[in-house]
Amino acid sequence: MDDVLMNKLAILAEGAKYDVSCSSSGIERKNSGKGIGSARSFGVCHTWAADGRCISLLKLLMTNDCIYDCSYCINRSSNDVSRASMSPEEIALITIEFYRRNYIEGLFLSSAIEKNPTDTMEKMYQILKLLRRTYEFNGYIHIKAIPGADQALIEKCGYLADRMSVNIELPSTSSLKLLAPQKNYKQIIAPIENIKIGISRNSDERKHFRKAPKFVPAGQSTQVIIGATPDSDKSILRVSEKLYGEYNLKRVYYSAYMPVNKGSNLPALLTPPPLLREHRLYQADWLLRFYNFSVNELFSSGENNMDIQMDPKLYWALKNLNLFPFEINNASFEELIRIPGIGHTSAYRIIRERKIAHLDFDGLKKTGCVIGKSKYFVTCKGKYYGDNLDEKHIHKSLVKNNDYKQISFFG
Amino acid sequence: MIEMDYLYDGTYEGLLCCLYCHFLKIPATGIYQKHIYQRHLINPYREVPSLEKYSDYMDQKLKQHLGELISSQIFQCFLYEKGETENIILRFVDLCFKKGAKYAGFHTHPIVSSFDEAVRKVKYETHRYVGYVRFIQMGEYLYSSIHPQYNILPLIGGHFSDRYKGEKIIIHDVERKIALAANDGNFLVIPFDKTDLSKHAKNNFFEILWKTYFDHIAIKDRINPKLQRNFVPLKYRKDLTEFK
């Protein structure tokens, strides 16, 4: 039985690994006193796998046996891969035993659709009930809301889970038609909309009844695949901006597409995943969420894709050089965080330091900002330390030129 | 007024008593632990006994003048235990008391920056160990052995005693020969002079299961050992089940 379980775990972990989300943050909960576990608002990573991605939650599929045939997915019904399913009892037991040994921070449960969406959601609800009621588990639980499942069931799950997510995967209706013709956009966005309404209703309830149960307290997130379709950075980030603004999502994850399947509508099998582009999108995502940038500002020069060679803030600054340099001693917090090389931590430090003494260039170095970048965009006590405030010059000194070629032997 | 070196017994309370004497009696040139102090030809020195009324008074004054956050940072800095930690604290508290509490944010000042650096390192390692502790089942106990660089046990005690309320846990800092024992939401840091007990443990099924999971969750096309090393430096790996 043990070998069987180990095999199943291997197959289901393989199936779940393309889901990026792993955060365990956003909710602080003490142990109830009866069972095991707690949740920390800052989130805890327990280890890092060989690909350098953190492991915080036990990421698992309930089953990888799917009725859908989405061409980007490793578990599509027409693929010849080993299939496995785990029972709710097995999943709950593994979660608790891993948690007791401090391997994980909680469970991230996802699933393929074996019969129909409602049936899958029902099984997820059983696992939630087992963990929360039988084991009195207080750790973090993230589950997928399955598009098309019974609405009342999704809501019941929302009262037991900490975070729920629905993966959009493809950022436009045309891409969806191309790669996942069995799904439609309305069906995907419906549970996101419902969870959002549920969360805002719940926060009203909790104003009147302090002890009212929390509904999806750590918010919802989603994931978008990068590079499987010709969608531009701009259109992807527009979707993110809308999700953050209108649907109050906590996170949008970007996943560089690994060519796992052959298909006429897909990149060839040997195409390397666009890892750098994924990184730049995350950087731009941070600018949207924490640095008060808008998509229009990032793409003000009319391009549809970002320059992959530099970070989006530097790109924006080079296009808007007329705003610079800022004087470090009287720029506001909002201005400081717009300077390339200065983030929240160093901006707060600069502001605290200024209350005691004026900052000079040496002082700025010690605040922990990336001085090589920021020196071009600031003055310290009125003096400019970058040698030239000129777009071409800064571009040349900050961006490494990587397009060298080996000279051919035969001319 | 003469100045002198203060010697204390190595406890935080003892250090607070030295600070008390520094401000209310004779200013200190330095604070050192009793058993490692090297006598100096010219500097006079004095041993300061740990007295609760002095340490409580000093603790209260720190909180009153510098706030809860910075007084907790002083304790974190104390756990740094490298070089002249006591003197980093002495100079920092002295600066803040004489020039005002806002100097605590004066990061570019050399005294403040060495204090901040110590605090940052201790806090970072504390956060790491919240994730890095690995328990093994030993009878009715959950046992874990760790080799942290700084003395972080007092800082992770609250987290683990709350999370594992129903369990009896022991986290063993092998090199410092101390252990954190927690049960029912309370914890104690006690002397624990034993060898690393995890070496005698048999392989448990769930440990093998965890290793299987760990191997399969990585995406093969994205293997990146350098990135992995940034997050889990090699020095921490000897205590981690999945790297054994």
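Residues numbered from 1 in each chain as written. Chains lettered and ligands numbered in written order. Predicted model: local features only at pLDDT ≥ 70, side-chain atom pairs only at ≥ 80, totals over all residues. Heavy atoms only, no water.

### Let's talk about unusual backbone geometry
Residues and elements named next belong to chain A. Here is the rule: Think of it this way: any DSSP run of H or I at least four residues long counts as a helix, any run of E at least two long counts as a strand, and we number them from the N terminus.
Backbone torsion omega between Phe-324 and Pro-325 reads -5 degrees, so that peptide bond is classified as cis. Its location among the elements puts Pro-325 in the loop between α10 (312-319) and β9 (326-327). A positive phi angle, near 50 degrees, is found at Glu-136, a position not held by glycine. Mapped onto the elements of the fold, Glu-136 is located in the loop between α3 (117-134) and β5 (140-144).

### Remarks on empty space enclosed by the protein
Counted only if it meets this: With a 1 Å grid spanning the protein atoms alone, the term cavity applies to any set of points in which a 1.4 Å probe fits but cannot get out, the term pocket to an open set with protein on both sides within 12 Å along at least five of seven lines, and the term lining residue to any residue with an atom within 4 Å of a point. Grid points are joined across faces, edges and corners, and a volume is the space filled by probe spheres set on the points.
Under the definition given, this model contains 1 cavity of 30 Å³ or more. Computed from the structure, the largest cavity encloses a volume of approximately 60 Å³. Residue lining of the largest cavity: A:Cys22, A:Ala49, A:Asp51, A:Arg53, A:Cys54, A:Ile55, A:Leu57, A:Lys59, B:Tyr213, B:Ile217 and B:Ala218, and that is the complete set. For the lining of the largest cavity, the secondary structure elements donating two or more residues are β2 (54-55) and β3 (57-61) of chain A together with α6 (205-217) of chain B.

### Description of the confidence of the model for chain A
Note that predicted coordinates carrying low pLDDT should not be read in detail. The following threshold applies: Each residue gets a pLDDT score, which is the predictor's confidence in that residue and runs from 0 to 100.
Residues of chain A with pLDDT of at least 70 account for 97%, and the chain-wide mean is 90. Per-element averaging of pLDDT across chain A places helix α5 (residues 173-179) of chain A at the bottom with 85 and helix α2 (residues 88-100) of chain A at the top with 95.

### Some points on the sheet that holds strand β6 (residues 168-173) of chain B
Residue and element names in this part refer to chain B. How we decide: Two strands are said to pair when DSSP picks up at least two bridges between them. All axes are obtained by fitting lines to C-alpha atoms, using only the stretch in contact for helices, and the reported angles, taken between N-to-C directions, cover 0 to 180 degrees. By the convention used here, residues are in contact when the closest approach between their heavy atoms is within 4.5 Å.
Spatially, β4-β5-β6-β7-β8 is the arrangement adopted by the 5 strands of the open sheet, whose pairing is mixed. Two strands in the sheet have a free side with no partner beyond their single neighbour: β4 (136-138) and β8 (186-191). Shown here is a sheet whose adjacent strand axes are inclined to one another by a mean of 25 degrees, direction ignored. As defined by bridge partners, strand β7 (residues 178-183) adjoins β8 across 6 bridges and the pair is classed as antiparallel. Pairing of Ala-179 across the sheet is with Ile-190, part of β8. Helix α5 (residues 153-163) contacts β5 (141-146), β6, β7 and β8 of the sheet and is inclined by roughly 145 degrees relative to β8.

### Comments concerning the packing of α3(A) against helix α4 (residues 151-158) of chain A
Residue and element names in this part refer to chain A. Keep this limit in mind: Put simply, angles under 35 degrees are roughly parallel, angles over 145 are roughly antiparallel, angles from 65 to 115 are roughly perpendicular, and the rest are oblique. For any pair of crossing helices, the crossing counts as left-handed if the nearer helix is rotated counterclockwise from the farther one by less than a right angle, and right-handed if it is rotated clockwise. Under this grouping Gly is polar, as are all residues other than the nonpolar Ala, Val, Leu, Ile, Met, Phe, Trp, Tyr, Cys and Pro and the charged Asp, Glu, Lys and Arg.
Packing of α3 against α4 brings their axes to within 10 Å, and their N-to-C directions diverge by 20 degrees. Relative to α4, α3 is oriented roughly parallel. α3 and α4 meet at a crossing whose hand is left-handed. Of the residues in α4, those in contact with Thr-118, Met-121, Glu-122, Tyr-125 and Leu-128 of α3 are Leu-153, Ile-154, Lys-156 and Cys-157. Looking at the contact of α3 with α4 residue by residue, the classes come out as 6 nonpolar, 1 polar and 2 charged.

### Looking at the environment of B:Ile136
Residues and elements named next belong to chain B. Cut-off, in case you're wondering: Relative accessibility decides the category of a residue: with a 1.4 Å probe and only protein chains considered, values under 20% of the type maximum give buried, values over 50% give exposed, and everything between is partly exposed.
Tracing the sequence through the fold places Ile-136 in strand β4. Of the residues examined, Ile-136 reaches a relative accessible area of 11% and is grouped as buried. Separated by 53 residues in the primary sequence, Ile-136 and Gly-83 have C-alpha atoms spaced 34 Å apart. The residues touching Ile-136, leaving out its near neighbours within four places in the chain, are Tyr-141, Leu-142, Tyr-143, Ser-198, Ala-201 and Glu-207.

### With respect to the interface of chain B and chain A
One frequently used descriptor of interface size is the decrease in accessible area upon assembly of the parts. Where we set the bar: Accessible surface is computed with a 1.4 Å probe, and the buried area is the amount of it that two parts give up when combined, taken over both parts together. Criterion for a salt bridge: a side-chain nitrogen of Lys or Arg within 4 Å of a carboxyl oxygen of Asp or Glu.
With 49 residues of chain B in contact, the opposing surface of chain A contributes 59 residues. Looking only at chain B, the three residues that lose the most surface to chain A are B:Arg163, B:Tyr213 and B:Arg222, adding up to 16% of its buried area. A salt bridge links A:Glu278 to B:Arg222; the nearest nitrogen and oxygen atoms lie 3.0 Å apart. Top contributing element to the side of chain B that touches chain A by residue count: α6(B), with 11 residues. Its residues assigned to classes, the side of chain B that touches chain A shows 25 nonpolar, 13 polar and 11 charged.

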